[in-house]
Amino acid sequence: DRPEPKAGDLVKPELLCVGLWSRKWRGRGQRCRANSSDLGRCCWTCRRSIRSTWPFCRKWTARVRGRDHGGWCLVVWGRGSRGVPHGLLASLAVVAEFGRIAVEFLRRGSNPKIYEGAARKLNVSSDTVQHGVEGLIYLLTESSKLMISELDFQDSVFVLGFSEELNKLLLQLYLDNRKEIRTILSELAPDLPSYHSLEWRLDVQLASRSLRQQIKPSVTIKLHLNQNGDQDTRVLQTDPATLLHLVQQLEQALEEMKTNHCRRVVRNIK
Amino acid sequence: MELSEYVQKGFQMLADPGSFDSNAFTLLLRAAFQSLLDAQADEAVLDHPDLKHIDPVVLKHCHTAAATYILEAGKQRADKSTLSTYLEDCKFDRERIEVFCTEYQNNKNSLEILLGSIGRSLPHITDVSWRLEYQIKTNQLHKMYRPAYLVTLNVENTDSRSHPEISFSCNIEQLQDLVGKLKDASKSLERATQL
């Protein structure tokens with residue numbers, strides 16, 4: 001049985017575990033899965049606990065959240081250096097900040113210095129911040145990869161036992177960033193050079209070392225391709241007949257997308 | 001047209017009815033054109049029974065001289081009067097000049113094509129093939145559901161005889177951009193030919 005935390009205990013809180021707590025607490029860093037019969041003594045002010053929260057928790061929650069009700073929030077308990085449970089209220093601001101860091105890391109790669117800065121601000125260890133951010137990164141990438149619906153996302157996050165505002169924040173974070181994250185993920189696919197642009201020039205060859213007085217029209221083409229971020233340029237040439245042939249063939253390719261067959265496939269595979 | 005002494009000497013020998021009778025002259029001339037224009041031609045081109053009586057050294061000299069002259073004439077796009085003038089200078093009689101000019105006329109187009117194809121140029125596009133696909137998912141990204149094209153340009157290099165290919169992928173908008181630009185080029189070409 002854990003003693004009820006006192007005011008003085010809320011010094012140097014440590015992130016221990018996110019989840020529901022019960023008598024079946026398995027120790028630091030473990031996530032416990034309680035069923036309702038165990039939740040009698042759950043310290044979490046969570047939906048499933050039938051308000052049997054320690055009064056101190058409720059007061060603390062109320063003070064931080066500004067409301068005195070058994071509403072729920074992300075309260076994490078751990079054992080500090082004094083062997084007494086501490087709590088860290090992961091507020092919306094903190095999660096929002098972690099979310100911003102997570103998205104930035106997805107765009108530009110991770111930067112360990114950021115962890116240290118945030119850790120200092122929140123008065124926790126930088127490992128804590130790192131785990132939090134990495135958890136969010138994983139949540140965002142998996143959700144974006146699978147392109148899950150809003151409802152599915154909400155259901156997935158719900159089991160973590162966060163507050164409603166926090167869930168809304170996470171959902172918004174997902175919806176705001178999913179398009180960009182999917183673009184970043186698409187760059188990881190097996191890659192062929194892709195078309196970037198094309199320049200052309202009409203030339204007429206008038207003479208060469210082996211034959212004078214020519215009139216030989218040709219089209220010079222500069223093809224710009226992208227691969228893995230590098231640009232590759234190819235200079236090519238073709239004659240007028242082949243140019244017309246190219247145009248005809250590629251127009252047929254474009255027409256193909258409009259045929260019934262392709263439309264049916266696009267409509268039905270979703 | 002500047003031609004070497006070697007060529008001139010060869011032609012002078014060709015002009016001489018004593019060394020080459022009419023039949024031999026025509027045969028040698030045809031052999032010269034054949035060596036230049038026929039891809040399968042080899043030394044056997046001079047192995048004709050009616051040429052056996054002529055000294056092989058003389059035969060080769062005249063054959064070389066004729067071939068050299070033909071190439072130079074082709075390069076400079078010589079007309080009948082230029083040819084006649086030079087051949088007269090080499091003491092060709094009227095009849096032989098006529099035979100030469102007729103043979104030249106018959107082979108002129110092939111000669112010009114051959115000469116025009118010699119030389120360096122940029123890699124030349126000969127054909128295009130395309131593939132339309134519908135992307136469903138990758139291991140990094142599910143539910144992609146977008147069409148994509150894979151375009152391959154067949155390219156020929158004149159010197160190395162290699163046939164590299166250029167392949168690239170594009171989406172519908174990019175392909176439309178590509179086709180649009182190529183159509184602009186072909187329309188400009190049409191307009192230029194009408195000037």
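Treat the numbers as computed from the prediction; the structure is a model and nothing was measured. (Residues numbered from 1 in each chain as written. Chains lettered and ligands numbered in written order. Predicted model: local features only at pLDDT ≥ 70, side-chain atom pairs only at ≥ 80, totals over all residues. Heavy atoms only, no water.)

Before going further, it helps to spend a moment on the overall build of chain B. When helices and strands are tallied, chain B shows 6 helices and 3 strands. From first element to last, N terminus to C terminus, chain B shows the α and β order α-α-α-α-α-β-β-β-α. In chain B, which comprises 195 residues, the share counted as buried stands at 40%. Put simply, chain B shows about 10,800 Å² of open surface, and 49% of that area lies on carbon and sulfur atoms. (Helix = DSSP H or I, 4+ residues; strand = E, 2+ residues; numbered from the N terminus. Buried < 20%, exposed > 50% of the residue type's maximum accessible area, 1.4 Å probe, protein only. Areas by Shrake-Rupley, 256 points an atom, 1.4 Å probe, with all protein chains shown as cover.)

Attention shifts here to the overall build of chain A. Within chain A, the regular secondary structure consists of 8 helices and 5 strands. For chain A, the sequential pattern of α-helices and β-strands runs α-β-β-α-α-α-α-α-β-β-β-α-α. Here chain A holds 270 residues, and the buried ones make up 41% of them. Residue pairs in contact within chain A that sit at least 24 positions apart in sequence constitute 53% of those at least 6 positions apart. A total accessible area of about 15,600 Å² is found for chain A, and carbon and sulfur atoms account for 51% of it. (Contact = heavy atoms within 4.5 Å.)

It is worth spelling out the pattern of salt bridges at this point. Overall, the coordinates contain 16 salt bridges over all chains when judged by the stated rule. The salt bridge partner of A:Lys258 is A:Glu255, with a shortest N-O separation of 3.6 Å. Salt-bridge contacts for B:Glu72 lead to B:Lys75; the nearest nitrogen and oxygen are separated by 3.9 Å. Residue B:Glu72 and its partner B:Lys75 are located together in helix α3 (residues 56–75), separated by 3 residues, close to a single helical turn. For B:Glu72, a relative accessible area of 19% translates into the label buried. Residue B:Lys75 is classed as buried on the basis of its relative accessible area of 19%. When salt bridges with common partners are traced through the structure, they connect A:Glu104, A:Arg107, A:Arg108 and A:Glu180 into a single cluster. (Salt bridge = Lys/Arg side-chain N within 4 Å of Asp/Glu carboxyl O.)

Residue and element names in this part refer to chain B. Mapped onto the elements, Ala41 comes out in the loop between α2 (22–37) and α3. When its relative accessible area of 25% is taken as the criterion, Ala41 is described as partly exposed. For the pair Ala41 and Ala31, spaced 10 residues apart in sequence, the C-alpha to C-alpha distance is 9.1 Å. With residues near it in sequence (within four places) discarded, Ala41 still touches Gln34 and Ser35.

On to the pairing of strand β2 (residues 146–156) of chain B, then. Residues and elements named next belong to chain B. Within β2, 8 of the 11 residues are buried, which leaves it mostly tucked inside the rest of the structure. Where strand β1 (residues 124–135) meets β2, 11 bridges bridge the pair, whose relative direction is antiparallel. Paired with Glu133 across the strands is Ala148, a residue of β2. (Pairing = 2+ DSSP bridges.)

Moving on: a nonpolar patch on the surface. A surface patch of nonpolar side chains, amounting to about 340 Å² of accessible area, comprises A:Val204, A:Leu206 and A:Ile215. Inspection of the secondary structure assignment puts A:Leu206 in the loop between β3 (194–205) and β4 (216–227). (Patch = residues over 30% accessible without salt bridge, like charges linked within 9 Å, V, L, I, M, F, W, Y side chains within 5 Å.)

Here the focus is the packing of aromatic side chains. Residue and element names in this part refer to chain B. In total, this model carries 10 aromatic pairs over all chains according to the counting rule given. Between Tyr69 and Tyr86 the ring centres are 4.8 Å apart and the planes differ by 15°, which places this aromatic pair in the stacked class. One end of the pair, Tyr69, is in helix α3; the other, Tyr86, is in helix α4 (residues 80–89), with 17 residues separating them in the sequence. Put simply, the rings of Phe11, Phe25, Tyr69, Tyr86, Phe92 and Phe100 pair up and form one aromatic cluster. (Phe/Tyr/Trp six-rings, centres within 6.5 Å; stacked < 30°, edge-to-face > 60°.)

Okay, the interface of chain B and chain A next. Contact with chain B, which involves 55 residues of that partner, is made by 54 residues of chain A. Summed over both partners, the interface of chain B with chain A buries about 5,100 Å², with 69% contributed by carbon and sulfur atoms. Contact with chain A buries area across many residues of chain B, yet B:Ile125, B:Trp130 and B:Leu182 alone supply 12% of it, more than any other trio. For the pair chain B and chain A, the number of links is 1 salt bridge. (Buried area = accessible area lost by both parts, 1.4 Å probe.)

On to a positive patch on the surface, then. All names here are of chain A. Together, Arg263, Arg264, Arg267 and Lys270 make up a positively charged patch on the protein surface. Among the secondary structure elements, Lys270 is positioned in the segment after α8 (260–268). Residue Lys270 is classed as exposed on the basis of its relative accessible area, which comes to 68%. (Lys, Arg positive; Asp, Glu negative; His and termini not counted. Charge placed at Lys NZ, Arg CZ, Asp CG, Glu CD.)

We now examine the nonpolar core. Inside soluble globular proteins, nonpolar side chains tend to come together where they are buried. Residues and elements named next belong to chain B. If you look at the biggest cluster of nonpolar residues, it comprises 37 residues, and the most contacted ones within it are Phe11, Leu14, Phe20, Leu83, Phe92 and Phe100. At the level of elements, α1 (5–15), α2, α3, α4 and α5 (94–117) are the ones that each hand at least two residues to this core. The leading source of residues in this core is α2, at 8 residues. In contact with Phe92, other than residues within four places in its own chain, are Phe11, Leu14, Ala15, Phe25, Leu87 and Ile97. (Core = buried A, V, L, I, M, F, W, Y, C linked by side-chain atoms within 4.5 Å.)

Residue and element names in this part refer to chain B. Note that Leu36 resides in helix α2. A sequence separation of 78 residues divides Leu36 from Leu114, and the C-alpha atoms of the two residues are 8.8 Å apart. Residues within four places of Leu36 in sequence aside, it is in contact with Ala67, Ile70, Leu71 and Leu114.

This part takes up the confidence of the model for chain B. Predicted confidence across chain B gives a mean pLDDT of 89, with 99% of residues reaching 70 or more. Taken together, the chains of this predicted complex give a pTM of 0.64 and an interface ipTM of 0.79. (pLDDT = per-residue confidence, 0-100.)

Generally, phi is negative for residues other than glycine and the peptide bonds are trans, each holding for most cases. Positive phi values are uncommon outside glycine, yet A:Met147 reaches one of about 55°. Position of A:Met147 relative to the elements: it lies in the loop between α4 (126–146) and α5 (150–158).

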